[in-house]
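Examining the three-dimensional arrangement
One letter stands for each residue in the lines below.
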Amino acid sequence: MIDVNGVSVGYGDQKIVEDMNFHIDKGEFFGILGPNGSGKTTLLKAMTGLLPLMAGVITLKGRPLHQFSSRELATHVAVLPQISTEAFSYQVRETVMLGRYAHQKGFFKGTTDRDKEMVDKVMEQTGISSFQYRYLHELSGGERQRVFLAQALAQEPHLLLLDEPTNHLDLSYQKSLLDLIKNQTDQGTLTVVAIFHDLNLASLYCDRLLLLDQGTTKLLNHPEEVLKEEHIEEVYHTKVQKQAHPLVAKPQMVIVPEGSLTENLVLDERYMTLTEDCILYSAPFPLKCMSSGIIGAGIGWYSHFMNRRVPVDYDCRDYKQDMKEYLITKELDPSLSVGMMTALDLSNMICERFEMMGKSVFVIVTAGVGNAMDVSTSFQYDIDSKPGTINTWVFINGNLSDEAYIEALVTSTEAKVKALNDMEVRDKRNGNLATGTPTDSILIASSQKGEIEPFAGPITPIGKLIGKGVYEVTKKAIQRYMG
Ligand SMILES: Nc1ncnc2c1ncn2[C@@H]1O[C@H](COP(=O)(O)OP(=O)(O)OP(=O)(O)O)[C@@H](O)[C@H]1O
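Residues numbered from 1 in each chain as written. Predicted model: local features only at pLDDT ≥ 70, side-chain atom pairs only at ≥ 80, totals over all residues.

The name an unreviewed UniProt entry gives the chain is Adenosylcobinamide amidohydrolase, with Rossellomorea vietnamensis as the organism.

**Remarks on the environment of Cys351**
Here Cys351 is to be found in strand 17 (residues 350-356). Overall, Cys351 belongs to the buried group, with 21 C-beta atoms counted inside 10 Å. Cys351 sits 13 residues away from Ile364 along the chain, and the two C-alpha atoms are 4.3 Å apart. When near neighbours in sequence (up to four residues on either side) are disregarded, Cys351 contacts Glu269, Met272, Phe362, Val363, Ile364 and Val473. (Helix = DSSP H or I, 4+ residues; strand = E, 2+ residues; numbered from the N terminus. Buried ≥ 20, exposed ≤ 12 C-beta atoms within 10 Å, placed from the backbone. Contact = placed C-beta atoms within 7 Å.)

**Examining helix 6 (residues 171-186)**
For helix 6, with 16 residues, the first-to-last C-alpha span of 22 Å sits near the 22 Å given by 1.5 Å per residue. Among all positions in helix 6, only Leu177, Leu178, Ile181 and Thr185 are buried. Projected down its long axis, helix 6 carries its buried residues within an arc of 90°, all on one side. When the buried face of helix 6 is taken as reference, the exposed residues oriented beyond 90 degrees from it are Leu171, Ser172, Asp179, Asn183 and Asp186. In this fold, the buried residues of helix 6 make contact with strand 3 (29-33), helix 5 (141-154), strand 7 (159-163), strand 8 (191-195) and helix 7 (199-205). Among the residues trailing helix 6, Gly188 stands out with phi positive, at a value near 80°. (Expected span 1.5 Å × (residues − 1). Arc of directions from axis to C-beta.)

**Things to note about the sheet that holds strand 6 (residues 77-80)**
Within the open sheet, the six strands sit side by side as 6-7-8-3-9-10. Their pairing is mixed. With partners counted over all chains shown, the strands left at the sheet margins are strand 6 and strand 10 (216-221), one partner each. When the angles between neighbouring strand axes are averaged without regard to direction, this sheet yields 15°. By the bridge criterion, five bridges tie strand 9 (residues 208-213) to strand 10 in an arrangement that is antiparallel. (Pairing = 2+ DSSP bridges. Axes fitted to C-alpha atoms, helices over the stretch in contact; angles between N-to-C directions.)

**Notes on the sheet that holds strand 2 (residues 14-24)**
If you walk across this open sheet you meet the four strands as 2-1-4-5, and the pairing is antiparallel. Only two strands of the sheet have a single neighbouring strand rather than two, namely strand 2 and strand 5 (63-64). Bridge analysis of strand 1 (residues 2-11) against strand 4 (residues 55-60) gives five bridges, and the strand direction is antiparallel. Bridge assignment links Val4 to a residue of strand 4, and that residue is Ile58. With respect to the sheet, helix 1 (residues 40-47) is in contact with strand 1, strand 2 and strand 4, its orientation differing from that of strand 1 by roughly 120°.

**Section: the pairing of strand 3**
Most of strand 3 sits out of view: five of its five residues are buried. Burial of strand 3 is two-sided: the residues Phe29, Gly31 and Leu33 facing one way and the residues Phe30 and Ile32 facing the other way are all buried. Taken together, the four bridges between strand 3 and strand 8 define a ladder with parallel strand orientation. The partner of Ile32 across the bridge, within strand 8, is Ile195. Pairing analysis gives four bridges linking strand 3 to strand 9, with the strands arranged parallel. Across the sheet, Gly31 pairs through a bridge with Leu209, a residue of strand 9.

See below:
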């Protein structure tokens, strides 16, 4: 669709963008990223044919841009520039109709039914029909942005060039605008080049991203490749953290506010309360957790950790809701809590802190092993989910990478199995050494302070502490359970 070959461009004799080379395919959603002043708008202006090139050539459908008349170019390309706040005296509908100019034919260039239909359609799509007879200067920034987008769409372009299209738009209009455009690129009827400041929106909607650094190409690739912490930190000179979007396979980047990493309280027994009906650990700050709790499962930040004792014959259909209500009776916010259940007498709980080389972990285990089983033979039996559970909580004073979370989980599980074996806990069905119970739960919770721990297997200090800690605490908990 569009080729940029050896392009340098700038103002006067000052080169701003240098030696750009890329090709954008028909139907592609192409994002341009970069810090303020890195040359994004200058490059986009060059692609509209507005700025004379200092070197190189830009071709649209194989023809150099400068060979198109402005009217002819307008039938192919529409532009949504950065909208300034100057006073506008046009009516909304008139403004959108201006987008039809290049399609109007003949000496008088009258408005056709097709023009009116198109204008109505794009006003509907951008949600501006209800104020089509108002004047632009009476509108909010976001409403005005949508009017100019409607004008660009009314042009029925093959290529749409957008300079910060979501600027001024609220969350819902950001999504509907980008969904609308993405739908057209997916159908192959539109190619989009858009400048983004929001890296997360760029990641969600763009097929490829061009990352500019001081007028040159830092990277041009798929979002997964471009949005790596090291690249973004190098170009934007700010600390970011990459994480997975919870529902879509696209990376998301979050900034880390100054001062949020300074507290240095050690996670230990001070924050734990044991009563007859629950073990509650209320951390002094939110912890990043990976767990299989009844609520608060998966990865998230939580402050309260509840191991609730339920009767042996507990049978609640809606146990999630039941757990939420229970937390509320304890004056805890369910959205900040991880909740687990056990039928065990909680006086059987064991907890202990383990420390080595300035690092530490605090482990809490409740081990009801009456229903213990050998996982490798579980497929042979119809196992009901009778209470009888090992709940393992590992609180880590450290800063775990994603890999380290997974390894902490593996290390804890291995240590638990070793404790069961050494305590000769057996599967009553076949006499085999047990590996766990049918309903074991685990929580890895980390303070995320200090130096990053890239791994947490038994080769690392944190892994050694988890291995020793979970093994010893589980063994003692089994011993106490067995009396
Ligand atoms: N009309 C102009 N005349 C001279 N210099 C300009 C002009 N427009 C922009 N510049 C300069 O070119 C450089 C790049 O500007 P450009 O607008 O392309 O950056 P950008 O990456 O789009 O920035 P932002 O994120 O702030 O919108 C800046 O240093 C800017 O001052």
